[in-house]
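Single-letter residue listing:
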2 protein chains.
Amino acid sequence: MDTTLRQTLHRRGLRMTPQRQLVLDAVRDLGHATPEQICAQVQSAAPAVNITTVYRTLDLLERLGMVRHTHLGHGAPTYSEQEHTHVHLVCHSCGAVTEAQTDLMDDLAARLRRECDFELDVTHVALSGRCGRCIERPSDEEEHQ
Amino acid sequence: MDTTLRQTLHRRGLRMTPQRQLVLDAVRDLGHATPEQICAQVQSAAPAVNITTVYRTLDLLERLGMVRHTHLGHGAPTYSEQEHTHVHLVCHSCGAVTEAQTDLMDDLAARLRRECDFELDVTHVALSGRCGRCIERPSDEEEHQ
DNA sequence: CTAAATGCAAATAATTTGCGGGGAG
DNA sequence: CTCCCCGCAAATTATTTGCATTTAG
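What you see is a predicted model, and the numbers here were worked out from it, not measured in a lab.

**Student:** Give me the environment of Arg-56 of chain A: which residues, what numbers.
**Tutor:** Residues and elements named next belong to chain A. Within the secondary structure, Arg-56 is located in helix α4 (residues 51-63). A residue is classified by how much of its surface remains accessible, and Arg-56, at 56% relative accessible area, is exposed. Sequence-wise, Arg-56 and Leu-5 are 51 residues apart; in three dimensions their C-alpha atoms are separated by 16 Å.

**Student:** Describe in detail the nonpolar core, supporting the description with residues and values.
**Tutor:** By size, the foremost hydrophobic cluster in this structure holds 30 residues, and its most contacted members are Leu-127 of chain A together with Met-105 of chain B. Excluding residues within four positions of it along the chain, Met-105 of chain B makes contact with Leu-108 and Leu-127 of chain A together with Val-87, Leu-120, Val-122 and Leu-127 of chain B.

**Student:** Describe the domain arrangement of chain A, listing the residues and the values that go with them.
**Tutor:** Residues and elements named next belong to chain A. Split by domain assignment, chain A resolves into domain 1 (3-80) and domain 2 (85-136). With 6 residues of domain 1 at the contact, the number on the domain 2 side is 9 residues. Buried surface at the junction of domain 1 and domain 2, both sides included, amounts to about 690 Å², of which 53% is carbon and sulfur. Broken down residue by residue, the surface that domain 1 buries against domain 2 is led by His-32, Arg-68 and Leu-72, which jointly contribute 57%. Where domain 1 packs against domain 2, one counts 1 salt bridge. Here Arg-68 ties to Asp-121 by a salt bridge, and the two come within 3.4 Å at their closest N and O atoms. Counted by class, the side of domain 1 that touches domain 2 contains 1 nonpolar, 4 polar and 1 charged residues.

**Student:** With reference to specific residues and values, describe the pattern of salt bridges.
**Tutor:** Any two side chains of opposite charge can pair, so long as their charged atoms come close to each other. Residues and elements named next belong to chain A. Scanning the model with the defined rule gives 12 salt bridges over all chains in all. Measuring nitrogen to oxygen at the nearest pair gives 3.3 Å for the salt bridge that ties Glu-119 to Arg-113. The exposure class of Arg-113 is partly exposed, given its relative accessible area of 42%. Its salt-bridge partner being Arg-114, residue Glu-115 comes within 3.9 Å of it at the nearest N-O pair. For Arg-114, a relative accessible area of 59% puts it in the exposed group. Linked by salt bridges that have partners in common, Arg-111, Arg-114 and Glu-115 make up one network.

The rules behind these values
Within any chain, residue numbers begin from 1 and follow the written order of that chain's sequence. Chains carry letters and ligands carry numbers; both start at the beginning, A for chains and 1 for ligands, and go up in the order they are written. Local features are withheld for residues below a pLDDT of 70 in this predicted model, meaning they are given only at 70 or higher, and side-chain atom pairs are given and counted only at 80 or more; totals for whole chains, interfaces and linings count all residues. Calculated side-chain values reflect all of the structure's heavy atoms, with hydrogen atoms and water omitted. A run of H or I in DSSP counts as a helix once it spans at least four residues, and a run of E counts as a strand once it spans at least two, with each numbered from the N terminus. Partly exposed residues are those whose accessible area sits between 20% and 50% of the maximum for their type, while under 20% is buried and over 50% is exposed, using a 1.4 Å probe and protein chains only. Here, nonpolar core refers to any group of buried Ala, Val, Leu, Ile, Met, Phe, Trp, Tyr and Cys residues whose side-chain atoms link them within 4.5 Å. The criterion used for residue contact is that any of the two residues' heavy atoms lie within 4.5 Å. These domain boundaries are the output of an automatic or database domain assignment. Put simply, buried area is how much 1.4 Å-probe accessible surface two parts lose in total, over both of them, once they are put together. By definition, a salt bridge exists where a carboxyl oxygen of Asp or Glu is found within 4 Å of a side-chain nitrogen of Lys or Arg. Three classes are used: nonpolar for Ala, Val, Leu, Ile, Met, Phe, Trp, Tyr, Cys and Pro, charged for Asp, Glu, Lys and Arg, and polar for all others, with Gly counted as polar.

Pasting the structure below:
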């Protein structure tokens, strides 16, 4: 199935295993998910796979450049395919994750490069705020003054 | 010293304590720091203060709107004064944290509001990338092929 | 006095590490 | 036969919770 994975591994003297394939599949299927969610998905196919292996494999796949993790704000990082390149918008009111085109950030990236001498990596950290639905809703959120 | 804190607490029927003052002072002194760093700072003045209290106090101060936490990327969140309002740029090569004016983000915020119906909160999550120094440096970073 | 705040210890949660066995090449 | 990889259990690290004691107001 995934010739790329097999080859990439082989090129580095590493082995192809069902676990590695399963973890990569799970990352792809789930879009972006935490190690635990990925583990659950993998275990639905192969219950014996240990979460330790999931952590190790995610780490490996990341070093191979096949997946990448993003910090959505709280708790655990989420993993997604490397190709999966867009900006994450996380609503810290309801937790919804939206995705936006990376070119939204082009101007900002250019300014950061020019004015702050900083090469922006658009995909690694999410933008935080409130989504449309939560703005509408009167939502007596945190600050009840 | 900090009349504001005392008053804010009093308005909600909460009490002023030395621990609370110490934690707030530490947050201010340290700029942005993890709960553990804050705890260390507090304990340098009052060794008996427990880290549990630091967590609880940070949580409280945040609900009071006096401090705010930011996810710099990995591990623990960092706390800083509410006023301390700027964008964090984190280099994921060397870990350096730079601060930039929030108005850098104004255009992006406007576009997000218009095009994605998303109200950006500029200060909650950091932008990730590489700082000038690390771009210069040939730096045989992660992928040593 | 009384409710709120603290310290301490124990419970959780998330992630990492050490180790012995099993299997691919 | 050798080294990679896996599962398992235990170690770490970060954070939260329960409870008895203390204390600000």
